[in-house]
Amino acid sequence: MKSLLDLISTSDFIYSIFRVTTPLLFASMGAVVSDVAGVPNISLEGLMLIAAFSGMFFSYLSQSALIGLIMALVMAVAFSGLLAFFTLHYKTNIILGGIAINSLASGGTIFFLYLVAHDKGTSISLASKVLPTINIPIIQDLPIVGHIISGHNILTYLSLLAVLFTYYLLKKTALGFHIRAVGEKKEAAESVGINVTKIQAIAILFSGLMCGFGGAFMSMGYVSWFSRDMISGRGWIALAAESMGRQTVLGSALTSFLFGIADALSNALASMGYSSDLVKTIPYFATLIGITIFSVRIYRKSKKIA
Amino acid sequence: MKKAFALLLAMSLMMGVFFTGCSSQPNTNDTQNAQNTESNKSEESTNATNTNTENDTSDYKVALMIPGNLGDKSFFDAAFNSIELLKSELGIQVDYVESGSDSSKYYSAYVDLCEKNYDLILTVSSNGDDALTQIAEEYPEQKFINLDDTMEEIPANVYIISPKNNEMCYLSGAVAALKAKELGENTIGFVGGMDIPGINEFLVGYIEGAQQINPDIKVAASYVGSFTDTAKGKENGLLLYNSGVSVIFAAAGQSGLGVIDAAVAKEKFAIGVDSDQAEALKEAQPDMANVIITSAIKNIPQTALMIVKKAMADDVAYGTKGFYGLKDGAVGIANNEFYQKLLSESDRNTVSELQAKVVNGEATITDTAGLTTEQVNTIRDAVRP
């Protein structure tokens, strides 16, 4: 047990939490905004996969990480636009649309991967670019703290800014108020002249943008290639984090970190020889405990009111 | 609204069919693609006009059923490579099916093959064992050979080849321990795909090989829990490297690429698995190839060639299992420029001596077939750092 404490109190471990949490943070922010607007986007997984592929592919074509990132964002937004179009214009069920995008992304990215890399597993034969890591001046020279805070991928810092931005967006801006109003009661919002379709479209596109960042991080930061189904359920975990965070920005961000910590912990425990089958359940066990605590509190509150 | 919904549904279905159709097109590169189409064509023409184009043996038809996805730069790709070898060495016709990771599709893939009157159906891996057992009973006249499996209850028309994975891992363990010794360290690492018997076989061989070099060696073992999550593979690799390990044997399929990437990031070393990974990566990712000391290789194409020759001569004992190891050339480690660069000559000689011992049968290696989970745990815990 001593060695476990040694392991998780190292700066490497804490550093790894940020890395593991980054894609979850982006995706859960996307989930919050779309859910608050009343159009729950469940295609986070697929959108991230599309972004991961696009980032890899366009950075390979252009040999520029920036163009790769931009194209990852463009493609993820474009596909979320497709979802918005069917949902809002043709009134399709957004859950079905989300499922369609997820299946399309899984098969489609492999198809295009084979076209460009002649390989159905990884894009490792294409020399794609990665986004830079940032060393923060002064802080990087601090002992321990410097090692934890400095030296992350640029998208890791952006993911923290994305949380602040989303918070500001929903709490302080007119657009945020409109998004919340539309999600709360569509008809009421419409009656005061809010364009519901437009607001919901913006919310879905915003979730696409966030998935673009998350996907780009996977193929251009975490590792330097695209591999089939590389998101490996991170989009779904972000959805769980969002619903456990009860559609609030800070709650979702915190739960994302909770999942990140649980995931990093399960990796660390596996490397220490604890039964890996058991430790892989830690993130899900954490969810269960979180939901239980939350439900108990709600229950007590409602009893008090009664 | 209903119309629009139906439209979307139809579209997504169509796309689904379109893309799965494409992704199950069983090709990994262009030349093989072209040759495969050719062989399909020649199959049609053979059926129609009964003319043989190549030589006497070309009426012998073999099919390879791949219960997994090509492109893993590892196990299934190695199986795929046997097709070319069989064609060029024996001049026979070889077709193949790539059935992906959905095990519900294996049975129907087998039925299709059985209805096409192949002389022999090859397969690899234990993924399709259930389907194989079922189909072997339903088509008792059809012969099957699994090139890499450990199946216990073997139907009368199935022959199982069990490569002695522990022998190649024995040598990998020796290589890792020699590298650690050179760096003045006492611990080596292992990252497995999952905590399952098939992977622990690798671990046991690895540990025993390392102990030949350094009896007090410690082996830190970790499991990704997935053969495809490269990011998580990297996370596992980083953790072990951060804990002070310098050499990791990555027996984790595609996830192993993450371990190799971690080695690049930490300027440490890795040992690849199944195919010569340094050779596969050296063109596109020289940084990654440069940290791979060697790879534990299953020589599936050579094994396939050997057994198909025997099958053509009717010399295969169906209903049994054969173990093939270093001596038969079925397994080994990669000897390439990176091996020569990253390991000193005297160390390489030590490995060669060990290899000779294994071939002579002088080395004592635990037989991993049928090793229980408890026994694996005992071996694993004894060397845990």
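Residues numbered from 1 in each chain as written. Chains lettered and ligands numbered in written order. Predicted model: local features only at pLDDT ≥ 70, side-chain atom pairs only at ≥ 80, totals over all residues. Heavy atoms only, no water.

Undergrad: Honestly, the UniProt feature "domain: ABC transporter substrate-binding protein PnrA-like" (unreviewed entry) in chain B in this entry has me stumped. Any pointers?
TA: With numbering aligned to this structure, UniProt lists the feature "domain: ABC transporter substrate-binding protein PnrA-like" (unreviewed entry) at residues 61–365 of chain B. The span residues 61–365 of chain B carries 46% helix and 20% strand; its end-to-end C-alpha distance comes to 38 Å. (UniProt positions renumbered as here; feature names shortened; annotations may be inferred. Helix = DSSP H or I, 4+ residues; strand = E, 2+ residues; numbered from the N terminus.)

Undergrad: Quick question: what am I supposed to make of the environment of Ser222 of chain B here?
TA: Turning to its location among the elements, Ser222 of chain B is positioned in strand 7 (residues 218–223). Exposure remark for Ser222 of chain B: the relative accessible area of 0% places this residue in the buried category. In sequence terms Ser222 of chain B and Val191 of chain B are 31 residues apart; their C-alpha atoms lie 4.8 Å from each other. Ignoring any residue separated from it by four or fewer positions in sequence, one finds Ser222 of chain B in contact with Asn267, Ala270 and Ser271 of chain A together with Phe190, Val191, Gly192, Asn236 and Leu240 of chain B. Among the polar contacts listed, one links the side chain of Ser222 of chain B to the side chain of Asn236 of chain B, at a separation of 2.6 Å. (Buried < 20%, exposed > 50% of the residue type's maximum accessible area, 1.4 Å probe, protein only. Contact = heavy atoms within 4.5 Å. Polar contact = N/O pair within 3.5 Å; in protein donor to acceptor, adjacent residues only side chain to side chain.)

Undergrad: I would appreciate a short explanation of the side chain of Asp119 of chain A in the present structure.
TA: Here Asp119 of chain A shows up in the loop between helix 5 (94–117) and strand 1 (133–134). Engagement of the side chain of Asp119 of chain A in a polar contact is seen with the backbone nitrogen of Gly121 of chain A, the distance being 2.8 Å. A distance of 3.5 Å separates the side chain of Asp119 of chain A from the backbone nitrogen of Thr122 of chain A, its partner in a polar contact. The contact partners of Asp119 of chain A, leaving out residues within four places of it in the chain, are Leu113 and Tyr114 of chain A together with Gly71 and Lys73 of chain B.

Undergrad: Whenever I open this one, helix 14 (residues 345–360) of chain B confuses me. Can you help?
TA: Along an α-helix, residues three or four apart share an orientation, since each turn contains 3.6 residues. Residue and element names in this part refer to chain B. Along its 16 residues, helix 14 runs 22 Å from first to last C-alpha, staying within 8% of the 22 Å computed at 1.5 Å per residue. By the burial criterion, the buried members of helix 14 are Asp347, Val351, Leu354 and Val358. Angular distribution of buried residues about the axis of helix 14 spans 60°; they occupy a single face of the element. Turned more than 90 degrees off the buried face of helix 14, the exposed positions are Glu345, Glu353 and Asn360. Contacts made by the buried residues of helix 14 are with helix 6 (165–182), helix 7 (197–213), strand 12 (331–333) and helix 13 (337–342). Backbone geometry just downstream of helix 14 places Gly361 in the positive-phi region, at approximately 85°. (Expected span 1.5 Å × (residues − 1). Arc of directions from axis to C-beta.)

Undergrad: Would you mind showing me how to read the packing of aromatic side chains here?
TA: Any aromatic ring pair is given by two values, namely how distant the centres are and how the planes are angled relative to each other. For the structure shown, the criterion picks out 18 aromatic pairs over all chains. Relative to Phe213 of chain A, the ring of Phe26 of chain A has its centre 5.3 Å away and its plane inclined at 15°; by these criteria the two rings are stacked. With Phe26 of chain A in helix 2 (residues 11–36) and Phe213 of chain A in helix 10 (residues 196–222), the pair connects residues that are 187 residues apart, well separated along the chain. This pair shows no difference in class: Phe26 of chain A is buried, exactly as Phe213 of chain A is. Considering the side-chain rings of Phe57 of chain A and Phe58 of chain A, the 5.3 Å spacing of their centres and the 65° angle between planes classify their relative orientation as edge-to-face. You can call Phe58 of chain A partly exposed: its relative accessible area is 23%. Connected via pairs of aromatic rings, a cluster forms that spans Phe53, Phe57, Phe58 and Phe226 of chain A. The lysine or arginine in question, Lys143 of chain B, covers the ring of Tyr318 of chain B, its NZ or CZ lying 5.0 Å from the ring centre. Positioned above the aromatic ring of Phe269 of chain B, the side-chain terminus of Lys179 of chain B is 4.5 Å from the ring centre. (Phe/Tyr/Trp six-rings, centres within 6.5 Å; stacked < 30°, edge-to-face > 60°. Lys NZ or Arg CZ within 6 Å of the ring centre and 35° of its normal.)

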